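# Residue-level structural notes
As a plain string of letters, each chain reads:
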Amino acid sequence: MLPKIAYVGTGGTIASIGKGPFDLLDYNATDERIEAKAFIERTGLQGTIADIVAVNFRQIDSTAITLSDWADLADLCKELARDPDLNGIVIGHGTASLEETAWLLSLVLDLEVPVVVTGSMRPLTGISSDTQANLAAAIRVAAMPRGEIAGVSVVLNDEVHSPRAVTKSHTLRLNAFQSPWFGPLGFVDGPNVNLVRRHRSVSERCFTTNLLRRLPRVDIAYSYVGADGVAIRAFVEAGAKGIVSAGFGPGNGTPAEVNALVDAVSSGVIVVQSTRMGAGVAVDSAYHKSIGIIAGNDLNAQKARILLALCLARGDGHQQIADIFYSA
Ligand code: ASP
């Protein structure tokens, strides 16, 4: 009997219809993305390696995903997982914000079935599109026997990645999704899924989905030579409850940014220090500790932002938040 896999379509390049096979760059111009049901029919995968239950959700570019879409998506996954015959869930997603959605889901879902987030770098209609191969690989992972894979994974280009480590590292290449310095969790070779390591996960899945309906404003301040802290002060002015600093290499901003962050901390804003490197831990310096800045561990700024927003929504205080970032 074929495994039963739910496919949730959110839009993105994987569902995009371009102007023709060579429309590989500006296909968003058509603004046409098909629904999950039509998508699954078009891939020709129905009834081959899985019995696919296509679930229409959104047909948007992933840059347009909102916090309330996240809340709806998490609730939908929980509802789908109530089906005792379901083996797994695959989510088709735009690659632009895929790593954020996958990380978010990994923090709030604790389901019996695996959730696999996939996408494609070339539109459905593009020449040599990676759509079908990525969908097939994602299905293979989602169909793994219970206990062999758990939680949320990201599958593209025949690689399985942890939502914590994975990032989109190129605008166009088919191997854009990488886990820098960490590597994939495993590989999909034809029908075989070969997991070489486990999720480096933790106390991550500790947030309830209802928090997603009340995530506070958390902004990211990107460091660059001469950054004067105006952006940080504007975020505080705009009501940010948290700020993530995407700082220079070891994990710090310019002196003017640090002054603005100190002012933010003293007005009650929680500040987390990440880096703009895309890999490696932010140094938890004695100076940052003394001024109340929390080190963001190995999370890139966009993922630190999500974790911080969830902590704040739950009402965690400074020390609890620091503990979660250090232990996560
Ligand atoms: N524009 C696309 C998106 O929805 C990019 C992609 O999916 O590759 O994120």
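Summary of the structure given here. (Residues numbered from 1 in each chain as written. Predicted model: local features only at pLDDT ≥ 70, side-chain atom pairs only at ≥ 80, totals over all residues. Heavy atoms only, no water.)

Moving on to the nonpolar core. Nonpolar side chains in soluble globular proteins tend to be buried together. Within the largest apolar cluster, 59 residues are counted, with the highest numbers of intra-cluster contacts made by Ile89 and Leu310. Looking at this core element by element, the count peaks at 10 residues for helix H8 (residues 301-314). With sequence-adjacent residues up to four places away left out, Leu310 is seen in contact with Leu104, Leu107, Val108, Phe207, Leu211, Leu212 and Leu215. Ranked by size, the runner-up nonpolar core spans 29 residues in total, among them Ile5, Ile17, Leu45 and Val90. (Core = buried A, V, L, I, M, F, W, Y, C linked by side-chain atoms within 4.5 Å. Buried < 20%, exposed > 50% of the residue type's maximum accessible area, 1.4 Å probe, protein only. Helix = DSSP H or I, 4+ residues; strand = E, 2+ residues; numbered from the N terminus. Contact = heavy atoms within 4.5 Å.)

Bringing the site of the ligand into the picture now. Close to the ligand lie Gly12, Thr13, Asn28, Asp61, Ser62, Gly94, Thr95, Ala96 and Ser120, which account for all nearby residues. Ser62 places a side-chain nitrogen or oxygen 2.6 Å from an oxygen atom of the ligand. The backbone of Ser120 places a nitrogen or oxygen atom 3.3 Å from an oxygen atom of the ligand. Here the ligand, which alone exposes 260 Å², has 92% of that area covered by the protein. (Near = heavy atom within 4 Å. Polar contact = N/O pair within 3.5 Å; in protein donor to acceptor, adjacent residues only side chain to side chain. Areas by Shrake-Rupley, 256 points an atom, 1.4 Å probe, with all protein chains shown as cover.)

Our focus in this paragraph is the side chain of Thr275. Within the secondary structure, Thr275 sits in strand S13 (residues 270-275). Here Thr275 falls in the buried class, since its relative accessible area comes to 7%. For Thr275, the side chain forms a polar contact with the main-chain nitrogen of Met277, separated by 3.1 Å. What Thr275 contacts, discounting residues up to four positions off in sequence, is Ser245, Ala246, Gly247, Phe248, Gly249, Pro250, Gly251, Ala282 and Ala301.

It is worth spelling out the packing of helix H1 (residues 36-43) against helix H4 (residues 131-142) at this point. The interhelical angle for the contact between H1 and H4, taken along N-to-C directions, is 100°, at an axis separation of 11 Å. By the angle class used here, H1 and H4 are roughly perpendicular. Contact residues: H1 offers Phe39, Ile40 and Thr43, while H4 offers Thr131, Gln132 and Leu135. Of the residues contributing to the contact of H1 with H4, the split by class is three nonpolar, three polar and no charged. (Axes fitted to C-alpha atoms, helices over the stretch in contact; angles between N-to-C directions. Parallel < 35°, antiparallel > 145°, perpendicular 65-115°, else oblique. Nonpolar A, V, L, I, M, F, W, Y, C, P; charged D, E, K, R; others polar.)

Scanning the entire structure with this criterion turns up one aromatic pair. Positioned over the ring face of Phe57 is Arg58, at 4.1 Å from the centre of the ring. The aromatic ring of Phe182 is capped on one face by Arg197, whose charged end is 4.8 Å from the ring centroid. (Phe/Tyr/Trp six-rings, centres within 6.5 Å; stacked < 30°, edge-to-face > 60°. Lys NZ or Arg CZ within 6 Å of the ring centre and 35° of its normal.)

Okay, the sheet that holds strand S3 (residues 88-92) next. Pairing is mixed in the open sheet, where eight strands are placed in the order S2-S1-S3-S4-S5-S6-S9-S10. Taken across any chain shown, the strands that pair with only one partner, and hence form the sheet edges, are strand S2 (51-60) and strand S10 (192-195). Strand-to-strand twist in this sheet, taken as the mean axis angle between neighbours without regard to direction, amounts to 25°. Looking at chain direction, strand S9 (residues 186-189) and S10 are connected through four bridges and run antiparallel. Pairing of Phe187 across the sheet is with Asn194, part of S10. Packing of helix H3 (residues 98-108) onto the sheet brings it into contact with S3, strand S4 (115-118) and strand S5 (152-156), and relative to S5 it is tilted by some 155°. Packed on one face of the sheet, H4 meets strand S1 (4-11), S2, S3, S4, S5, strand S6 (159-161), S9 and S10 and runs near 155° to S3. (Pairing = 2+ DSSP bridges.)

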